[in-house]
Amino acid sequence: MTDTTLFFVTPDGEPEITRPDAAKVVSGDPVHRTWNLEERDGLYCGIWESTPGSWQISYDEWEYCRILEGVSVISQEDGEAVTVRAGDSFVLRPGFKGTWEVIETTRKDYVIRL
C-alpha cells in the first residue's frame, strides 16, 4: 500500500525550537523554529526560520532551499559570500563548510537528502 496522503506545505502546529550549538555561534543569539513536514527514508522536508545571528555550518547531506522571507548571507570557508533573499533557491552540497548569517529573520522551505 502506498501512502498517497496529500498535505499543504505550510507551517502548522507548534514548531521545534532550537539554537545552534554554542561553540558554533559567531555572533548574536539566533533562535531556529522548524516545522518538519516529512521524515522518511533519508528524506526530510519542511519549513525553517531563524532570527538574526551568525553560526558555522558544515553539511554532510544535500539540501535544497528556497527563501520565503528575510535576508541571509551564506559564506564559504574561503570567504566567498552569497546574499540570499525571498525568491532565491539554491543547493548546499555535502562537504560545504562556512557560515550562515541571518541579517533579517529568514524563513525557508527545504528538502534534505541524506
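Please read all numbers here as calculations on a predicted model, not as lab measurements.

This next bit is on a nonpolar patch on the surface. Side chains of Leu43, Trp62, Tyr64, Val91 and Val111 sit close together on the surface and give an oily, nonpolar patch of about 410 Å² of accessible area. Its place among the elements puts Tyr64 in strand 6 (residues 62–76).

The phi dihedral of Asp41 falls on the positive side, at around 50°, and the residue is not glycine. Locating Asp41 in the fold gives a position in the loop between strand 3 (32–40) and strand 4 (43–50). Asp41 gets classed as exposed once you look at its relative accessible area, which sits at 69%.

Size it by volume and the largest pocket reaches roughly 580 Å³. Along the walls of the largest pocket sit 22 residues, with Thr18, His32, Thr34, Trp48 and Tyr59 positioned nearest its centre. Residue assignment for the lining of the largest pocket shows that the elements contributing at least two residues are strand 1 (16–18), strand 3, strand 4, strand 5 (53–58) and strand 9 (97–113). For the lining of the largest pocket, a count of residues per class yields 9 nonpolar, 6 polar and 7 charged.

Conventions used here
- Residues numbered from 1 in each chain as written.
- Predicted model: local features only at pLDDT ≥ 70, side-chain atom pairs only at ≥ 80, totals over all residues.
- Heavy atoms only, no water.
- Patch = residues over 30% accessible without salt bridge, like charges linked within 9 Å, V, L, I, M, F, W, Y side chains within 5 Å.
- Areas by Shrake-Rupley, 256 points an atom, 1.4 Å probe, with all protein chains shown as cover.
- Salt bridge = Lys/Arg side-chain N within 4 Å of Asp/Glu carboxyl O.
- Helix = DSSP H or I, 4+ residues; strand = E, 2+ residues; numbered from the N terminus.
- Buried < 20%, exposed > 50% of the residue type's maximum accessible area, 1.4 Å probe, protein only.
- 1 Å grid on protein atoms, 1.4 Å probe; cavity = no way out; pocket = protein on both sides within 12 Å on 5 of 7 lines; lining within 4 Å.
- Points joined across faces, edges and corners; volume = space filled by probe spheres on them.
- Nonpolar A, V, L, I, M, F, W, Y, C, P; charged D, E, K, R; others polar.

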